[in-house]
Amino acid sequence: MELNSEEGSRPAAAKDPSWSIEERGVCEDASGRTITLLRTEDMADFQKAVKREGGRGLLVGRDFAVEPTGEESITQLLESDLMYLDCDPDDEVPSGYEKEKVLVEGCRLTKYVNFD
């Protein structure tokens, strides 16, 4: 994994202090799709930045986020303790899917991902 690479997603966010990103690494999954790993100093600040962006597509742990680009990688990573961070106000989580407390109002941490 190459840290602070300009490849992958969110290179500008890694340089913006409001995202609270300490380190950024980029690698590939088994299919050759990019996966970006973001280690955060403050997960609440990170989630606020994702919300400002209207973002989704990130899987988060306690002090890091993973941004895979392929549905297969997302599905496989959700089998771990990672949760899907979704701050899109138009998205809803169907009943029956696991949800966790989030640090920023208006966002959701869930095991549900709508790939449509």
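For clarity, every value in this text was computed on a predicted model and none was experimentally measured.

**Student:** What is the right way to read the state of the cysteines from this model?
**Tutor:** Chemically, a disulfide is nothing more than a covalent bond linking the sulfur atoms of two cysteines. Within this structure, the stated rule accounts for 1 disulfide. Covalently, Cys 87 is tied to Cys 107 through a disulfide, its sulfur atoms 2.0 Å apart. Because the torsion about its S-S bond is 105°, the bridge between Cys 87 and Cys 107 counts as right-handed. On the criterion of sequence distance, the pair formed by Cys 87 in the loop between strand E6 (83-86) and strand E7 (99-100) and Cys 107 in the loop between E7 and strand E8 (108-110) is long-range, its members being 20 residues apart. The pair formed by Cys 87 and Cys 107 is uniform in burial state, with each residue classed as buried.

**Student:** What is the right way to read the pattern of salt bridges from this model?
**Tutor:** As enumerated under the stated definition, the model contains 4 salt bridges in all. In this structure, the salt-bridge partner of Glu 22 is Arg 39, at a minimum N-O distance of 2.8 Å. Residue Glu 22 is located in strand E2 (residues 21-28), and its partner Arg 39 is located in strand E3 (residues 34-40); the two are separated by 17 residues in the primary sequence. Between Asp 45 and Lys 48 there is a salt bridge, and its shortest N-O distance comes to 4.0 Å. With Asp 45 and Lys 48 both in helix H2 (residues 43-52) and 3 residues apart, the pair spans about one turn of that helix. Through salt bridges with shared partners, a single ionic network connects Glu 22, Glu 23 and Arg 39.

**Student:** Can you help me understand empty space enclosed by the protein in this one?
**Tutor:** Once rolled over the atoms, a probe with the size of a water molecule shows which space is left empty. Applying the stated criterion across every chain yields a total of 1 cavity of 30 Å³ or more. The volume enclosed by the largest cavity comes to roughly 40 Å³. In this structure, the largest cavity is lined by Arg 56, Tyr 84, Asp 86, Asp 91, Glu 92, Val 93, Thr 110, Tyr 112, Val 113 and Asn 114. A breakdown of the residues in the lining of the largest cavity according to their chemical character gives 4 nonpolar, 2 polar and 4 charged.

The rules behind each value
Chains are numbered independently. Their residues run from 1 in the order of the written sequence. Local features in this predicted model are restricted to residues whose pLDDT is 70 or higher, and side-chain atom pairs enter the listing and the counts only when it is 80 or higher, whereas totals over whole chains, interfaces and linings include all residues. No hydrogens and no water enter the side-chain calculation; it runs on all heavy atoms of the structure. Cysteine sulfur atoms that come within 2.5 Å of each other are treated as a disulfide pair. Starting at the N terminus, helices and strands are each numbered in turn, a helix being any DSSP run of H or I of at least four residues and a strand any DSSP run of E of at least two. Throughout, exposure labels follow a simple rule: accessible area from a 1.4 Å probe, protein chains only, divided by the maximum for the residue type, with under 20% read as buried, over 50% as exposed, and the rest as partly exposed. The term salt bridge refers to a side-chain nitrogen of Lys or Arg lying within 4 Å of a carboxyl oxygen of Asp or Glu. Of the grid points, spaced at 1 Å and generated over the protein atoms alone, those admitting a 1.4 Å probe that cannot get out make up cavities, while open sets with protein on both sides within 12 Å along at least five of seven lines make up pockets; any residue with an atom within 4 Å of a point is treated as lining. Grid points are joined across faces, edges and corners, and a volume is the space filled by probe spheres set on the points. Each residue is assigned to one class: nonpolar for Ala, Val, Leu, Ile, Met, Phe, Trp, Tyr, Cys and Pro, charged for Asp, Glu, Lys and Arg, and polar for all the others, Gly among them.

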